[in-house]
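# Fold and geometry: a report
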Amino acid sequence: MPRGRYSLHDPHDHTPLAEEHFHCAPGPSGWRYVSQLTTPAGDHSGSVDLALDELGRPIRLELHAGGWQVRGAALDGVTWVRTDPTGAHATEGNVRAHAFTGTSPAFLIATTRLLRLTPSTSATRVRLVAFTDPVLAPRTVDQSWALVNRETHATDNAPLTVDEYQVTALDTGEQHAVHIAGDVVLAAPGIELEDLDSPPSTFA
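Keep in mind that what you see is a predicted model, and the values were worked out from it rather than measured. By convention here, each chain's residues receive numbers from 1 onward along its written sequence. Only residues with pLDDT of at least 70 get local features here, since the model is predicted, and only at 80 or more are side-chain atom pairs given and counted; chain-wide, interface and lining totals rely on the full set of residues. Remark: hydrogens and water are excluded; side-chain values derive from all non-hydrogen atoms of the structure.

### Let's talk about the overall build of the chain
In DSSP terms, a helix is any run of H or I states spanning at least four residues, a strand is any run of E spanning at least two, and both are numbered starting from the N terminus. On a plain count of helices and strands, the chain comes out with one helix and 15 strands. Atoms considered for the radius of gyration are the C-alpha atoms alone. The globule rule reads 2.2 Å times the number of residues to the power 0.38. Against the compact-globule benchmark of 17 Å for 204 residues, the chain has a radius of gyration of 16 Å, which places it among compact chains. For every residue, the accessible area (1.4 Å probe, protein chains only) is compared with the maximum for its type, and the residue is labelled buried under 20%, exposed over 50%, or partly exposed between those bounds. Within the chain, the fraction of its 204 residues that count as buried is 44%. Contacts are assigned to residue pairs with any non-hydrogen atoms lying within 4.5 Å of each other. Look at the contacts in the chain between residues 6 or more apart in sequence, and 38% of them connect residues 24 or more apart. When the accessible area of the chain is evaluated, it comes to approximately 10,400 Å², of which 51% is carbon and sulfur surface. By the counting scheme adopted, Arg and Lys are positive, Glu and Asp are negative, and His together with the chain ends is not counted. A single reference atom marks each charge: NZ on Lys, CZ on Arg, CG on Asp, CD on Glu. The chain carries 14 positive and 25 negative side-chain charges, and their two centres are separated by 9 Å. Note that accessible areas follow from Shrake-Rupley with a 1.4 Å probe, and for residues the cover is restricted to the protein chains shown.

Following this line, the structure appears as structure tokens:
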């Protein structure tokens with residue numbers, strides 16, 4: 001069960017945004033990721049709890065940020081309930097999308113589990129519902145993912161396979177690279193892996 005810490009920053013000006021302390025693990029029904037977020041000053045700022053089934057579909061999502069809460073799952077596309085800080089006004093949403101995304105590295109792992117790309121696979125289009133900080137506002141985004149490189153590196157424990165994905169935002173054409181080993185993001189725009197206390201889990 002990998003445990004560690006990511007630092008999150010603005011991908012454009014590198015302003016520190018948060019630190020995300022996480023643990024994650026595959027299980028008999030899929031994969032689960034749980035994290036707590038803190039501000040650069042060390043104050044608690046949110047949490048992520050994401051569970052996937054064996055096909056990579058989100059069977060449970062719970063996000064907290066800025067007093068807001070989102071609960072969601074794959075149902076007729078994806079369905080979610082977003083609750084305001086007072087709890088008085090809950091709004092429900094549903095979009096014919098494949099999964100969710102957001103600032104947490106968990107969503108990058110989840111997308112790769114859903115797509116199951118290989119180096120020989122052509123770029124694959126995916127529609128996601130993004131929950132944007134600081135108030136978890138939902139927004140539908142279309143992306144294209146391609147696995148452009150796979151390298152295996154020798155380590156003290158066991159060989160480590162690193163996948164490099166090229167992700168394209170289809171509304172702007174902007175492209176960026178995401179490097180993933182098992183169920184840990186090694187590097188991506190706005191994300192740095194700072195600490196990892198055990199090797200990434202491997203998926204069958």
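### Thoughts on the environment of Val-148
Along the polypeptide, Val-148 turns up in strand S11 (residues 137–153). C-alpha of Val-148 to C-alpha of His-21: the two residues are 127 residues apart in sequence and 29 Å apart in space. Contacts of Val-148, omitting those with residues within four sequence positions, involve Glu-164, Tyr-165 and Gln-166.

### Some remarks on empty space enclosed by the protein
Rolled over the atoms, a probe sized like a water molecule indicates the empty space that remains. Think of a 1 Å grid over the protein atoms and nothing else: a 1.4 Å probe that fits but is trapped marks a cavity, an open set flanked by protein within 12 Å on at least five of seven lines marks a pocket, and residues with an atom within 4 Å of a point count as lining. Grid points are joined across faces, edges and corners, and a volume is the space filled by probe spheres set on the points. Taken as a whole and judged by the stated rule, the model has one cavity of 30 Å³ or more. The volume enclosed by the largest cavity comes to roughly 40 Å³. Lining the largest cavity are Leu-50, Leu-52, Gly-56, Pro-58, Ala-99, Phe-100, Phe-107 and Ala-110. Mapped onto the lining of the largest cavity, the elements with two or more residues apiece are strand S4 (44–53), strand S9 (99–101) and helix H1 (105–115). Any residue outside Ala, Val, Leu, Ile, Met, Phe, Trp, Tyr, Cys, Pro, Asp, Glu, Lys and Arg is labelled polar, Gly included; the first ten of those are nonpolar and the last four are charged. Looking at the lining of the largest cavity, its residues break down into seven nonpolar, one polar and no charged.

### Considerations on the layout of surface pockets
Of the pockets and cavities examined, the second largest pocket occupies roughly 610 Å³. As for the second largest pocket, its lining consists of 26 residues, and the residues nearest its centre are Thr-161, Ala-181, Gly-182, Ser-201 and Thr-202. Every element with two or more residues in the lining of the second largest pocket is listed here: H1, strand S12 (160–169) and strand S13 (175–181). Element by element, the count of residues in the lining of the second largest pocket is highest for S12, at four residues. Looking at the lining of the second largest pocket residue by residue, the classes come out as 13 nonpolar, eight polar and five charged.

### What about the packing of aromatic side chains?
Geometrically, a pair of aromatic rings is defined through the distance of the ring centres and the angle of the planes. Only the six-membered ring of Trp is used, alongside the rings of Phe and Tyr, when aromatic pairs are assigned; centres must lie within 6.5 Å, and planes under 30 degrees apart are stacked while those over 60 apart are edge-to-face, with the rest tilted. Using the criterion set out here, one finds seven aromatic pairs in the structure. Summarising the aromatic geometry, the rings of Phe-22 and Tyr-33 are spaced 5.7 Å apart at their centres and angled 5° between planes, so their arrangement reads as stacked. With Phe-22 in strand S2 (residues 16–27) and Tyr-33 in strand S3 (residues 30–38), the pair connects residues that are eleven residues apart, well separated along the chain. Of the two residues examined, Phe-22 and Tyr-33, each falls in the buried class. Ring geometry for Trp-31 against Tyr-33: centres 5.9 Å apart, planes inclined by 45°, an arrangement best described as tilted.

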